[in-house]
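# Summary of structural features
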Amino acid sequence: MVDVSDAEPGLGPVVLFTNSWMMGGMEQHIVSLGRGLRRRGYRTSLICSSDPVIAPLREACEAEGVEVHALDDARGAIAKVGRLRDLERLLQNYRGGTLHLHLTGPFRGELPMLAGRAAGIRCFVRTEHQPLEEVPPWKDRLWLRVKDHGLDAVICVSGQNAEYHTRDLGRNAARFFTVHNCVDLGRFDPAAGDREGARAELGVAAGSPLIGVVSRLTEERKGISQFLEMAAQLAASCPASRFLVVGDGDLRPRLEAQARELGIGQQTIFTGERKDIPRLLSALDVFVMPSLWEGGPYTLLEAMAMRIPSVTTAVGMVPETVVPREHALVVPPGDVGALARSVGEILTDAELRDHLAESGYQLVHERFSEDNLAEGVIGVYKRVSRRAIHGGFR
């Protein structure tokens, strides 16, 4: 991996490109990065879909002064030829700048890269937000390595993620940088919480421990099924406990049925999609991040920013940034018993609970602010811009 501390100044406009089709961590990352770039005076644009589902992404970027270009989906060979031409014309407005790809997997991005090359874009950067669920066949890995010759840098949101892409996929480690995700500390501020009001709305009695998770209910890897199994174990020893699942998606009916089958249907609250995540986090006694695999989990950082003591699986950036029993309790992925024991320990140990809450809060403020993200990514841009000027590899 490459140290960006010796980066030199000097780069043109930045174009953020995404094929996003939903709101989640990657989209949150783009908003934070766009805000950080604009606040530092960089001309910044976003090219994305015109799909209404990601209207919040477009609106948030526009509010920060990012130039947003929304394109309709291109389906079929003829439409893709037209898309290539449209992208080239659009990217000519940012000649000499940096094209930064944020995509839903490593096997995409040919069109914007071709268009950028034709339009005179100088530097090409890509962020890989998470590993794949399975290692792809060798032909796909070979094609990925061929495409990487068109990139100046690949950013990963955790060292674990970078190791996967270089070791398991065979990509060139010399191109890889690690820049961790961040938290909007203006939004996730304990002072803005509403613990009593939120608990009253949820129907949680004052003396009932509330343990929660925040996640899209669309992917098995998020570990919500394991969270419910943990909840059932905990409810057996602490019947007053209540469990909060914040989020929505295709898996919700199955998860609600699982809660009923486990006998915790009445103790588990499914809120659906919510916009007031900081308020709901403030209602919790313990936050749980039960993912089976991740890149850079936002929800854990957000909970710690709200001073909520947390239990997390050892995935993504967790092993390299979170000290067990210092910032959070850390358990192996998929270990339901360890999740239950760790949550129970926090509920019964006030000193540990207070220590984790304060130490986790300090960690986020020291290492995971939006400033950290912006400065880290800008450092990569400057490094590869210098390389492009002086003739680096492709």
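Our structure is the block above this text.
The text that follows walks through the structure, step by step, so that each part is easy to find. (Residues numbered from 1 in each chain as written. Predicted model: local features only at pLDDT ≥ 70, side-chain atom pairs only at ≥ 80, totals over all residues. Heavy atoms only, no water.)

Our next topic: the overall build of the chain. A count of helices and strands for the chain gives 15 helices and 13 strands. Taking 2.2 N^0.38 as the reference for a compact globule, 394 residues should give roughly 21 Å; the C-alpha atoms of the chain span a radius of gyration of 22 Å, in line with that estimate. If you line up the chain on its principal axes, its C-alpha atoms span 65 × 45 × 45 Å. Scored against the burial criterion, the 394 residues of the chain give a buried share of 54%. (Helix = DSSP H or I, 4+ residues; strand = E, 2+ residues; numbered from the N terminus. Rg over C-alpha atoms; globule rule 2.2 N^0.38 Å. Buried < 20%, exposed > 50% of the residue type's maximum accessible area, 1.4 Å probe, protein only.)

Take a nonpolar patch on the surface next. A surface patch of nonpolar side chains, amounting to about 430 Å² of accessible area, comprises W138, L142, W143 and V146. Here W143 is to be found in helix α5 (residues 138–147). Looking at W143, the relative accessible area reads 42%, which means it is partly exposed. (Patch = residues over 30% accessible without salt bridge, like charges linked within 9 Å, V, L, I, M, F, W, Y side chains within 5 Å. Areas by Shrake-Rupley, 256 points an atom, 1.4 Å probe, with all protein chains shown as cover. Salt bridge = Lys/Arg side-chain N within 4 Å of Asp/Glu carboxyl O.)

Now for the packing of aromatic side chains. Taken as a whole and judged by the stated rule, the model has zero aromatic pairs. The ring of W293 carries the charged tip of R221 above its face, separated from the ring centre by 4.7 Å. The residue whose ring lies beneath R307 is Y361, and the NZ or CZ to ring-centre distance is 3.6 Å. (Phe/Tyr/Trp six-rings, centres within 6.5 Å; stacked < 30°, edge-to-face > 60°. Lys NZ or Arg CZ within 6 Å of the ring centre and 35° of its normal.)

Attention now goes to the pairing of strand β4 (residues 98–102). Extensive coverage of β4 is indicated by the burial of five of its five residues. Of the two faces of β4, the one carrying T98, H100 and H102 and the one carrying L99 and L101 are both buried. Note that strand β1 (residues 14–18) and β4 share five bridges and pair parallel. Looking across to β4, one finds that V15 is bridged to L99. Tracing the backbone out of β4, into helix α4 (residues 110–119) and back to the parallel element strand β5 (residues 123–128) gives a crossover that is right-handed. (Pairing = 2+ DSSP bridges. Right-handed = clockwise from strand over helix to strand, strands pointing away.)

This part is about unusual backbone geometry. With a phi close to 60°, R307 is a non-glycine residue in the positive phi region. With respect to the secondary-structure elements, R307 resides in the loop between α11 (298–305) and β12 (310–313). A positive phi angle, close to 70°, is found at R325, a residue other than glycine. On the secondary structure map, R325 appears in the loop between α12 (318–321) and β13 (329–331).

Here S45 shows up in strand β2 (residues 44–49). The buried category is assigned to S45, whose relative accessible area is 0%. For S45, the residues in contact, after removing those within four places along its chain, are V14, V15, L16, V66, E67, H69 and Y94. (Contact = heavy atoms within 4.5 Å.)

So, about the packing of α11 against helix α14 (residues 350–367). Close contact between α11 and α14 brings their axes to 7 Å; oriented N to C, the two are set at 115°. Between α11 and α14 lies a crossing of left-handed hand. Along its contact with α11, which presents L301, M304 and A305, the element α14 presents A357, G360, Y361, L363 and V364. Its residues assigned to classes, the contact of α11 with α14 shows seven nonpolar, one polar and no charged. (Axes fitted to C-alpha atoms, helices over the stretch in contact; angles between N-to-C directions. Left-handed = near helix turned anticlockwise from the far one by under 90°. Nonpolar A, V, L, I, M, F, W, Y, C, P; charged D, E, K, R; others polar.)

With parallel pairing, seven strands are arranged side by side in an open sheet as β3-β2-β1-β4-β5-β6-β7. Each edge of the open sheet carries a strand with a single partner, namely β3 (67–71) and β7 (176–178). Between one strand and the next, the sheet's axes are offset by a mean angle of 20°, whatever the strand orientation. Across three bridges, the pairing between strand β6 (residues 153–156) and β7 is parallel. The residue of β7 that forms the bridge with C156 is T178. On top of the sheet, helix α6 (residues 159–168) reaches β5, β6 and β7; it is set at about 165° to β7, its chief contact.

Turning our attention to the sheet that holds strand β10 (residues 268–272). As summarised here, the arrangement of the six strands in space is β10-β9-β8-β11-β12-β13, forming an open sheet in which the pairing is parallel. Of all the strands in the sheet, just β10 and β13 have a single pairing partner and so form its edges. Going across the sheet, the axis of each strand differs from the next one's by a mean of 20°, ignoring polarity. Taken together, the five bridges between strand β8 (residues 210–214) and strand β9 (residues 242–246) define a ladder with parallel strand orientation. Counterpart to L210 in the pairing with β9 is R242. Lying on the sheet, α11 is in contact with β8, β11 (286–289) and β12; it crosses β11 at an angle near 165°.

This brings us to the environment of D140. Along the chain, the position of D140 falls in helix α5. Placed 34 residues apart in sequence, D140 and P106 show a C-alpha to C-alpha distance of 10.0 Å.

Turning next to the nonpolar core. Counting 32 residues, the largest nonpolar core has L281 and F287 as its most contacted members. Breaking this core down by element, the ones donating at least two residues are α7 (195–202), β8, β9, α10 (277–282), β11, α11 and α14. The element that contributes the greatest number of residues to this core is α11, accounting for five residues. Apart from residues lying up to four places away in sequence, L281 is in contact with F188, V214, F287, E302, A303, M306 and I308. With 31 residues, the next largest nonpolar core counts I211, F227, A235 and L251 among its residues. (Core = buried A, V, L, I, M, F, W, Y, C linked by side-chain atoms within 4.5 Å.)

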